Amino acid sequence: MNTIINNAQSTPVKTEYNFSKHALKIEQLNVYHEQSHILKNVNLSIPSKGITVFLGPSGCGKTTLLKSLNRLTDLHAGMRVTGSIRLGEQDILATKNADLARLRQKMGLLSQRPFPLPMSIFDNIAFGLRIQGVYNKTEIAGKVEYHLKQVALWDEVKDRLKSPASRLSIGQQQRLCLARGLAVNPEMILADEPTSALDPISSRKIEEQFEELKKDYSIILVTHMLRQAKRLADYVVFMYFGEVIEQGPADEVFTHPKTRTLQEYLLVGH
(Lines give C-alpha, C1' and ligand atoms only; values in the text may rest on other atoms or scores of the structure.)
Protein backbone atom coordinates (compact mmCIF):
# COMPACT_ATOMS: atom_id res chain seq x y z
CA MET A 1 0.00 0.00 0.00
CA ASN A 2 2.91 2.38 0.67
CA THR A 3 3.89 2.13 -2.98
CA ILE A 4 0.45 3.31 -3.98
CA ILE A 5 0.51 6.26 -1.58
CA ASN A 6 3.98 7.40 -2.60
CA ASN A 7 3.11 7.31 -6.30
CA ALA A 8 -0.07 9.26 -5.72
CA GLN A 9 1.67 11.93 -3.66
CA SER A 10 4.17 12.56 -6.44
CA THR A 11 1.43 13.82 -8.78
CA PRO A 12 0.85 17.59 -9.16
CA VAL A 13 -1.63 19.36 -6.89
CA LYS A 14 -5.03 19.43 -8.57
CA THR A 15 -7.40 22.34 -8.95
CA GLU A 16 -10.22 22.12 -6.42
CA TYR A 17 -13.57 21.21 -7.95
CA ASN A 18 -17.03 20.90 -6.47
CA PHE A 19 -17.72 17.29 -7.37
CA SER A 20 -21.35 17.61 -6.27
CA LYS A 21 -22.09 19.59 -9.45
CA HIS A 22 -22.81 17.13 -12.22
CA ALA A 23 -22.58 17.57 -15.98
CA LEU A 24 -23.88 14.06 -16.69
CA LYS A 25 -25.75 11.47 -14.65
CA ILE A 26 -25.89 7.76 -15.56
CA GLU A 27 -28.33 5.34 -13.95
CA GLN A 28 -28.67 1.57 -14.39
CA LEU A 29 -26.85 1.60 -17.74
CA ASN A 30 -26.56 -1.81 -19.37
CA VAL A 31 -25.13 -2.50 -22.80
CA TYR A 32 -25.50 -5.81 -24.61
CA HIS A 33 -24.03 -6.99 -27.88
CA GLU A 34 -26.05 -9.97 -29.04
CA GLN A 35 -25.53 -12.45 -26.16
CA SER A 36 -22.67 -10.55 -24.48
CA HIS A 37 -23.35 -8.31 -21.48
CA ILE A 38 -20.73 -5.57 -21.97
CA LEU A 39 -21.69 -2.91 -19.40
CA LYS A 40 -23.39 -4.03 -16.20
CA ASN A 41 -25.59 -1.73 -14.10
CA VAL A 42 -23.39 1.34 -14.42
CA ASN A 43 -24.33 4.17 -12.07
CA LEU A 44 -22.18 7.28 -11.93
CA SER A 45 -22.17 11.05 -12.09
CA ILE A 46 -19.69 13.02 -14.19
CA PRO A 47 -18.60 16.23 -12.44
CA SER A 48 -19.08 19.60 -14.07
CA LYS A 49 -15.69 20.90 -15.23
CA GLY A 50 -12.39 19.13 -14.74
CA ILE A 51 -11.08 15.87 -16.21
CA THR A 52 -12.87 12.63 -15.44
CA VAL A 53 -10.79 9.59 -16.35
CA PHE A 54 -12.31 6.23 -17.26
CA LEU A 55 -9.51 3.92 -16.14
CA GLY A 56 -9.07 0.20 -16.39
CA PRO A 57 -7.45 -2.61 -18.37
CA SER A 58 -8.09 -3.10 -22.09
CA GLY A 59 -11.47 -4.66 -22.78
CA CYS A 60 -13.11 -3.56 -19.53
CA GLY A 61 -15.82 -1.47 -21.22
CA LYS A 62 -14.33 2.05 -21.07
CA THR A 63 -14.78 2.84 -24.77
CA THR A 64 -18.25 1.30 -24.88
CA LEU A 65 -19.27 3.52 -21.97
CA LEU A 66 -17.85 6.57 -23.76
CA LYS A 67 -19.69 5.68 -26.99
CA SER A 68 -22.92 5.34 -25.05
CA LEU A 69 -22.69 8.98 -24.03
CA ASN A 70 -23.19 10.29 -27.57
CA ARG A 71 -25.11 7.30 -28.91
CA LEU A 72 -22.33 6.01 -31.15
CA THR A 73 -23.47 2.62 -29.89
CA ASP A 74 -26.34 3.05 -32.37
CA LEU A 75 -23.88 2.45 -35.20
CA HIS A 76 -23.16 -1.13 -34.08
CA ALA A 77 -25.62 -3.76 -35.26
CA GLY A 78 -26.81 -6.08 -32.51
CA MET A 79 -26.03 -3.63 -29.71
CA ARG A 80 -28.77 -2.88 -27.16
CA VAL A 81 -28.63 -0.18 -24.48
CA THR A 82 -30.92 0.24 -21.48
CA GLY A 83 -30.98 2.67 -18.57
CA SER A 84 -30.70 6.44 -18.40
CA ILE A 85 -28.03 8.99 -19.32
CA ARG A 86 -29.00 12.56 -18.51
CA LEU A 87 -27.25 15.64 -19.87
CA GLY A 88 -29.03 18.38 -17.98
CA GLU A 89 -32.72 17.72 -18.59
CA GLN A 90 -32.08 15.66 -21.73
CA ASP A 91 -32.19 11.87 -21.56
CA ILE A 92 -29.60 10.91 -24.15
CA LEU A 93 -30.99 7.41 -24.61
CA ALA A 94 -34.45 8.81 -25.31
CA THR A 95 -33.20 11.37 -27.84
CA LYS A 96 -34.89 10.98 -31.21
CA ASN A 97 -32.74 10.14 -34.23
CA ALA A 98 -33.52 13.54 -35.76
CA ASP A 99 -31.82 15.24 -32.81
CA LEU A 100 -28.73 13.02 -32.64
CA ALA A 101 -26.58 15.36 -34.74
CA ARG A 102 -27.13 18.20 -32.26
CA LEU A 103 -26.53 15.85 -29.34
CA ARG A 104 -23.18 14.80 -30.79
CA GLN A 105 -22.22 18.43 -31.34
CA LYS A 106 -22.67 18.93 -27.61
CA MET A 107 -20.01 16.28 -27.02
CA GLY A 108 -16.83 16.94 -28.94
CA LEU A 109 -15.21 13.58 -29.69
CA LEU A 110 -11.48 12.95 -29.98
CA SER A 111 -10.71 9.43 -31.22
CA GLN A 112 -7.59 7.30 -30.84
CA ARG A 113 -6.45 8.35 -34.30
CA PRO A 114 -7.22 11.76 -35.79
CA PHE A 115 -9.61 12.00 -38.73
CA PRO A 116 -9.23 15.44 -40.29
CA LEU A 117 -11.70 16.24 -43.05
CA PRO A 118 -10.33 15.96 -46.61
CA MET A 119 -9.95 19.71 -46.99
CA SER A 120 -7.66 22.53 -45.92
CA ILE A 121 -6.59 23.28 -42.36
CA PHE A 122 -8.73 26.43 -42.44
CA ASP A 123 -11.81 24.67 -43.79
CA ASN A 124 -11.61 21.92 -41.17
CA ILE A 125 -12.46 24.56 -38.56
CA ALA A 126 -14.72 26.64 -40.82
CA PHE A 127 -16.82 23.55 -41.54
CA GLY A 128 -17.84 23.31 -37.90
CA LEU A 129 -18.56 27.02 -37.73
CA ARG A 130 -20.83 26.89 -40.78
CA ILE A 131 -22.74 24.03 -39.14
CA GLN A 132 -23.39 26.49 -36.31
CA GLY A 133 -24.73 29.06 -38.78
CA VAL A 134 -21.66 31.30 -39.02
CA TYR A 135 -21.19 32.50 -42.62
CA ASN A 136 -19.56 35.93 -42.34
CA LYS A 137 -16.03 35.52 -43.76
CA THR A 138 -14.41 37.95 -41.32
CA GLU A 139 -16.10 36.27 -38.35
CA ILE A 140 -15.10 32.81 -39.60
CA ALA A 141 -11.47 33.88 -40.05
CA GLY A 142 -11.38 35.28 -36.53
CA LYS A 143 -12.89 32.15 -35.01
CA VAL A 144 -10.60 29.84 -36.97
CA GLU A 145 -7.64 31.72 -35.49
CA TYR A 146 -9.21 31.63 -32.00
CA HIS A 147 -9.84 27.87 -32.01
CA LEU A 148 -6.41 27.07 -33.46
CA LYS A 149 -4.88 29.16 -30.67
CA GLN A 150 -7.04 27.25 -28.16
CA VAL A 151 -5.14 24.09 -29.06
CA ALA A 152 -1.74 25.79 -29.46
CA LEU A 153 -1.66 25.11 -33.20
CA TRP A 154 -1.96 28.60 -34.67
CA ASP A 155 1.73 29.49 -34.67
CA GLU A 156 2.56 26.20 -36.40
CA VAL A 157 0.03 26.55 -39.24
CA LYS A 158 -0.83 30.23 -39.67
CA ASP A 159 1.27 30.49 -42.85
CA ARG A 160 -0.29 27.44 -44.52
CA LEU A 161 -3.96 27.53 -43.62
CA LYS A 162 -4.96 26.64 -47.18
CA SER A 163 -2.77 23.52 -47.20
CA PRO A 164 -4.46 20.11 -46.91
CA ALA A 165 -4.91 19.02 -43.32
CA SER A 166 -3.54 15.62 -44.33
CA ARG A 167 -0.06 17.16 -44.60
CA LEU A 168 0.07 17.88 -40.89
CA SER A 169 1.87 15.50 -38.55
CA ILE A 170 -0.38 13.07 -36.70
CA GLY A 171 0.03 15.08 -33.49
CA GLN A 172 -0.95 18.28 -35.28
CA GLN A 173 -3.91 16.51 -36.87
CA GLN A 174 -5.11 15.44 -33.43
CA ARG A 175 -4.99 19.02 -32.18
CA LEU A 176 -6.76 20.18 -35.35
CA CYS A 177 -9.55 17.67 -34.69
CA LEU A 178 -9.80 18.99 -31.14
CA ALA A 179 -10.08 22.55 -32.49
CA ARG A 180 -12.75 21.44 -34.98
CA GLY A 181 -14.75 19.92 -32.14
CA LEU A 182 -14.46 23.08 -30.04
CA ALA A 183 -15.74 25.19 -32.93
CA VAL A 184 -19.28 23.78 -32.54
CA ASN A 185 -19.48 24.91 -28.89
CA PRO A 186 -19.67 21.54 -27.14
CA GLU A 187 -20.73 21.13 -23.54
CA MET A 188 -18.33 18.23 -22.99
CA ILE A 189 -15.21 16.78 -24.58
CA LEU A 190 -15.01 13.00 -24.98
CA ALA A 191 -11.51 11.64 -25.59
CA ASP A 192 -10.93 7.96 -26.37
CA GLU A 193 -7.24 7.26 -25.70
CA PRO A 194 -6.38 10.36 -27.78
CA THR A 195 -2.62 10.06 -27.28
CA SER A 196 -2.21 6.32 -27.92
CA ALA A 197 -1.02 6.87 -31.51
CA LEU A 198 1.14 9.91 -30.75
CA ASP A 199 4.81 10.40 -29.93
CA PRO A 200 5.67 11.61 -26.40
CA ILE A 201 6.05 15.28 -27.39
CA SER A 202 2.70 15.35 -29.22
CA SER A 203 1.08 13.47 -26.34
CA ARG A 204 2.29 16.05 -23.87
CA LYS A 205 0.88 18.88 -26.01
CA ILE A 206 -2.55 17.24 -26.02
CA GLU A 207 -2.37 16.79 -22.25
CA GLU A 208 -1.42 20.44 -21.81
CA GLN A 209 -4.44 21.51 -23.86
CA PHE A 210 -6.71 19.38 -21.68
CA GLU A 211 -5.29 21.05 -18.57
CA GLU A 212 -6.29 24.43 -20.02
CA LEU A 213 -9.64 23.37 -21.45
CA LYS A 214 -10.85 21.72 -18.24
CA LYS A 215 -11.39 25.18 -16.77
CA ASP A 216 -14.31 25.64 -19.17
CA TYR A 217 -15.35 22.11 -20.13
CA SER A 218 -16.15 18.75 -18.59
CA ILE A 219 -13.63 16.38 -20.17
CA ILE A 220 -13.98 12.60 -20.13
CA LEU A 221 -10.75 10.80 -20.93
CA VAL A 222 -10.53 7.07 -21.60
CA THR A 223 -7.11 5.62 -20.84
CA HIS A 224 -5.51 2.40 -19.67
CA MET A 225 -2.26 4.26 -18.88
CA LEU A 226 -2.00 4.71 -15.14
CA ARG A 227 0.70 7.37 -15.34
CA GLN A 228 -1.43 9.50 -17.65
CA ALA A 229 -4.43 9.09 -15.37
CA LYS A 230 -2.39 10.25 -12.38
CA ARG A 231 -1.12 13.27 -14.29
CA LEU A 232 -4.50 14.43 -15.55
CA ALA A 233 -7.39 13.05 -13.53
CA ASP A 234 -9.46 15.20 -11.22
CA TYR A 235 -12.07 12.45 -10.90
CA VAL A 236 -11.59 8.73 -11.57
CA VAL A 237 -13.97 5.97 -12.67
CA PHE A 238 -12.23 2.60 -12.39
CA MET A 239 -13.78 -0.17 -14.50
CA TYR A 240 -13.24 -3.90 -14.58
CA PHE A 241 -15.11 -6.48 -16.69
CA GLY A 242 -17.89 -4.05 -17.58
CA GLU A 243 -18.54 -2.81 -14.05
CA VAL A 244 -17.66 0.39 -12.23
CA ILE A 245 -15.56 -0.84 -9.31
CA GLU A 246 -14.68 2.51 -7.75
CA GLN A 247 -15.22 6.19 -8.48
CA GLY A 248 -14.28 9.41 -6.75
CA PRO A 249 -11.83 12.34 -6.62
CA ALA A 250 -8.45 11.28 -8.00
CA ASP A 251 -6.47 11.86 -4.82
CA GLU A 252 -8.85 9.66 -2.84
CA VAL A 253 -9.03 6.86 -5.40
CA PHE A 254 -5.27 6.69 -5.96
CA THR A 255 -4.28 7.13 -2.34
CA HIS A 256 -6.97 5.06 -0.61
CA PRO A 257 -8.26 2.39 -3.01
CA LYS A 258 -11.11 0.50 -1.35
CA THR A 259 -11.08 -2.73 -3.36
CA ARG A 260 -8.41 -5.35 -3.84
CA THR A 261 -8.97 -5.17 -7.61
CA LEU A 262 -7.95 -1.52 -7.76
CA GLN A 263 -5.13 -2.01 -5.25
CA GLU A 264 -3.61 -4.71 -7.46
CA TYR A 265 -4.12 -2.63 -10.61
CA LEU A 266 -2.28 0.31 -9.05
CA LEU A 267 0.57 -1.89 -7.81
CA VAL A 268 1.10 -3.55 -11.18
CA GLY A 269 0.88 -0.17 -12.91
CA HIS A 270 -0.71 -1.28 -16.16
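Rules and cut-offs
Residues numbered from 1 in each chain as written. Predicted model: local features only at pLDDT ≥ 70, side-chain atom pairs only at ≥ 80, totals over all residues. Heavy atoms only, no water. Helix = DSSP H or I, 4+ residues; strand = E, 2+ residues; numbered from the N terminus. Buried < 20%, exposed > 50% of the residue type's maximum accessible area, 1.4 Å probe, protein only. Contact = heavy atoms within 4.5 Å. Areas by Shrake-Rupley, 256 points an atom, 1.4 Å probe, with all protein chains shown as cover. Lys, Arg positive; Asp, Glu negative; His and termini not counted. Charge placed at Lys NZ, Arg CZ, Asp CG, Glu CD. Axes fitted to C-alpha atoms, helices over the stretch in contact; angles between N-to-C directions. Parallel < 35°, antiparallel > 145°, perpendicular 65-115°, else oblique. Left-handed = near helix turned anticlockwise from the far one by under 90°. Nonpolar A, V, L, I, M, F, W, Y, C, P; charged D, E, K, R; others polar. Polar contact = N/O pair within 3.5 Å; in protein donor to acceptor, adjacent residues only side chain to side chain. Pairing = 2+ DSSP bridges. Right-handed = clockwise from strand over helix to strand, strands pointing away. Salt bridge = Lys/Arg side-chain N within 4 Å of Asp/Glu carboxyl O.

### Description of the overall build of the protein chain
Along the protein chain, the regular secondary structure elements total eleven helices and ten strands. The proportion of buried residues among the 270 residues of the protein chain is 49%. Of the contacts made within the protein chain by residues no fewer than 6 positions apart, 70% connect residues no fewer than 24 positions apart. When the accessible area of the protein chain is evaluated, it comes to approximately 13200 Å², of which 49% is carbon and sulfur surface. Averaging the locations of the 34 positively and 28 negatively charged side chains of the protein chain gives two centres separated by 3 Å.

### A word on unusual backbone geometry
One non-glycine residue, K49, adopts positive backbone phi at about 75 degrees. Summarising the element assignment, K49 is placed in the loop between β2 (36-47) and β3 (50-55). A relative accessible area of 33% places K49 in the partly exposed class.

### Considering the packing of helix α4 (residues 121-131) against helix α7 (residues 170-182)
Two packed helices can be described by the angle between their axes and the distance between those axes. It is the contact of α4 with α7, at a shortest axis distance of 7 Å, that shows an interaxial angle of 25 degrees. In terms of axis orientation, α4 runs roughly parallel to α7. By crossing handedness, the relation of α4 to α7 is classed as right-handed. Judged by residue contacts, I121, N124 and I125 of α4 engage L176, A179 and R180 from α7. Split by residue class, the contact of α4 with α7 holds four nonpolar, one polar and one charged.

### Thoughts on the side chain of T95
One can find T95 in the loop between β5 (90-91) and α3 (100-105). For T95, a relative accessible area of 9% puts it in the buried group. From its side chain, T95 meets the backbone oxygen of D91 in a polar contact 3.2 Å long. Among residues more than four places away in sequence, those in contact with T95 are R71, Q90, L100 and L103.

### Description of the pairing of strand β7 (residues 188-192)
Of all the five residues making up β7, five are buried; the element is thus mostly covered by neighbouring parts of the structure. Both faces of β7 are covered, namely the face carrying M188, L190 and D192 and the face carrying I189 and A191. Bridge count for β7 against strand β8 (residues 218-223) is five bridges, and the pairing is parallel. Its bridge partner being in β8, A191 is matched across the sheet by L221. This β-α-β element, β7 to helix α8 (residues 200-213) to β8, shows right-handed connectivity.

### Some details on the pattern of salt bridges
Oppositely charged side chains can form a pair if their charged atoms are brought close together. Applying the stated criterion across every chain yields a total of 13 salt bridges. In this structure, D123 and R130 form a salt bridge, with 4.0 Å as the shortest nitrogen-oxygen distance. Across the pair E139 and K143 runs a salt bridge whose closest N-O atoms are separated by 3.7 Å. You can see E139 and its partner K143 sitting in helix α5 (residues 137-150), four residues apart, about one turn around the helix. Relative accessible area serves as the criterion here: at 37%, E139 is assigned to the partly exposed category.

### Points about the sheet that holds β5
Sheet architecture is open: four strands sit in the order β2-β1-β4-β5, paired in antiparallel fashion. One side of each edge strand has no neighbouring strand; the edge strands of this open sheet are β2 and β5. Relative to strand β4 (residues 79-87), strand β1 (residues 22-33) is paired through seven bridges, and the arrangement is antiparallel. Within β4, the position partnered with N30 by the bridge is T82. Along the sheet, helix α2 (residues 62-69) contacts β1, β2 and β4; its crossing angle with β1, the most-contacted strand, is approximately 115 degrees.

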